[in-house]
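# Commentary on secondary and tertiary structure
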Amino acid sequence: WLFDAMGLDRTPYYAINIHGGKSDRTSRLIEQIKSLPDNVRNRLTLENDENAYSVADLLEVHMATGTAICFDSHHHVFNDAGLTMQEAFDASCETWPKGINPLQHISNTEPKFANGSQLERRKHSDMIHYVPEPQLKALREYTVDVEVEAKQKNYSVLKMAKDFNIPI
């Protein structure tokens, strides 16, 4: 209702981004999405995660509901469901309506935890130390929008743009 009161379009450009919840409940997730009012459902995006829903899992939800997938490259590293980074990137981008840059997330493992436990590697780093090639190319071409998930977010955005030659 707040987005409607602000006059915002009912598209995923104004994303209400969620994770799918507990795994192995795809049919229930589809059912729940279909039951939402248009002003919520049309803004909804689903993000892949490392535990419950990979991009491959969310493609089934997209096919049934039209819900766009917000690709998170860091989560994909832990739950790729057999898709390469490029395949997952491409598949998620194809779920977005024409004329709207897909929303994506980027974060990294703190370098000192590169060989650590899964729990340590899952934590977001202070800065962005690398950008996966599909996201880097798309950022340079202005074909995706990326939310940086780093502990020093504002500084990290500026440093990432400089370090990886990404125009902002």
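The structure this text deals with has already been given above.
What this report covers is the structure whose coordinates are included nearby. (Residues numbered from 1 in each chain as written. Predicted model: local features only at pLDDT ≥ 70, side-chain atom pairs only at ≥ 80, totals over all residues. Heavy atoms only, no water.)

### A short note on the overall build of the protein
Each helix and strand in the protein was counted, giving 9 helices and 5 strands. For the protein, whose C-alpha radius of gyration is 16 Å, the value lies close to the compact-globule estimate of 15 Å for 168 residues. By its C-alpha atoms, the protein is 45 × 35 × 25 Å across when sized along the principal axes. Sequence-distant contacts, at least 24 apart, represent 69% of the contacts inside the protein between residues at least 6 apart. Roughly 9,300 Å² of accessible area belongs to the protein as shown, and the carbon and sulfur atoms make up 51% of that amount. For the protein, the centre of its 18 positive side-chain charges and the centre of its 24 negative side-chain charges are spaced 4 Å apart. (Helix = DSSP H or I, 4+ residues; strand = E, 2+ residues; numbered from the N terminus. Rg over C-alpha atoms; globule rule 2.2 N^0.38 Å. Contact = heavy atoms within 4.5 Å. Areas by Shrake-Rupley, 256 points an atom, 1.4 Å probe, with all protein chains shown as cover. Lys, Arg positive; Asp, Glu negative; His and termini not counted. Charge placed at Lys NZ, Arg CZ, Asp CG, Glu CD.)

### Some remarks on the side chain of histidine 76
Relative to the elements of secondary structure, histidine 76 occurs in helix 5 (residues 73-78). Apart from residues lying up to four places away in sequence, histidine 76 is in contact with Asn48, Phe71, Leu83, Thr84, Met85 and Ala88.

### Focus on the packing of aromatic side chains
As enumerated under the stated definition, the model contains 2 aromatic pairs in all. On the numbers, 4.9 Å between centres and 85° between planes, the contact of tyrosine 13 with tyrosine 14 is edge-to-face. Here phenylalanine 71 and phenylalanine 89 contribute two aromatic rings whose centre-to-centre distance is 6.4 Å and whose plane-to-plane angle is 85°, an arrangement assigned as edge-to-face. Residue phenylalanine 71 is located in strand 3 (residues 68-72), and its partner phenylalanine 89 is located in helix 6 (residues 85-93); the two are separated by 18 residues in the primary sequence. (Phe/Tyr/Trp six-rings, centres within 6.5 Å; stacked < 30°, edge-to-face > 60°.)

### A few points about a nonpolar patch on the surface
Nonpolar side chains collect at one region of the surface, where Trp1, Leu2 and Met6 lie side by side and expose about 430 Å² of accessible area between them. Along the chain, tryptophan 1 turns up in the segment before helix 1 (2-5). For tryptophan 1, a relative accessible area of 77% corresponds to the exposed category. (Patch = residues over 30% accessible without salt bridge, like charges linked within 9 Å, V, L, I, M, F, W, Y side chains within 5 Å. Salt bridge = Lys/Arg side-chain N within 4 Å of Asp/Glu carboxyl O. Buried < 20%, exposed > 50% of the residue type's maximum accessible area, 1.4 Å probe, protein only.)

### With respect to the pattern of salt bridges
Applying the stated criterion across every chain yields a total of 6 salt bridges. Salt-bridge contacts for arginine 41 lead to aspartate 38; the nearest nitrogen and oxygen are separated by 2.2 Å. Of this pair, arginine 41 and aspartate 38 both sit in helix 3 (residues 38-41), 3 residues apart, which is roughly one turn of that helix. Within this structure, Asp4, Arg10 and Arg43 form a network of salt bridges that share partners.

### A short note on the sheet that holds strand 2 (residues 44-47)
Read across the sheet, 5 strands follow the order 1-2-3-4-5 without closing on themselves; strand pairing throughout is parallel. Each edge of the open sheet is held by one strand with a lone partner, namely strand 1 (16-19) and strand 5 (145-148). The average angle at which neighbouring strand axes cross in this sheet is 30°, direction not considered. (Pairing = 2+ DSSP bridges. Axes fitted to C-alpha atoms, helices over the stretch in contact; angles between N-to-C directions.)

### Things to note about unusual backbone geometry
The backbone phi angle of tyrosine 142 is positive, close to 55°, even though this residue is not glycine. With respect to the element layout, tyrosine 142 can be found in the loop between helix 8 (133-140) and strand 5. Although it is not a glycine, asparagine 165 sits at a positive phi angle of roughly 55°. With respect to the element layout, asparagine 165 can be found in the segment after helix 9 (153-163).

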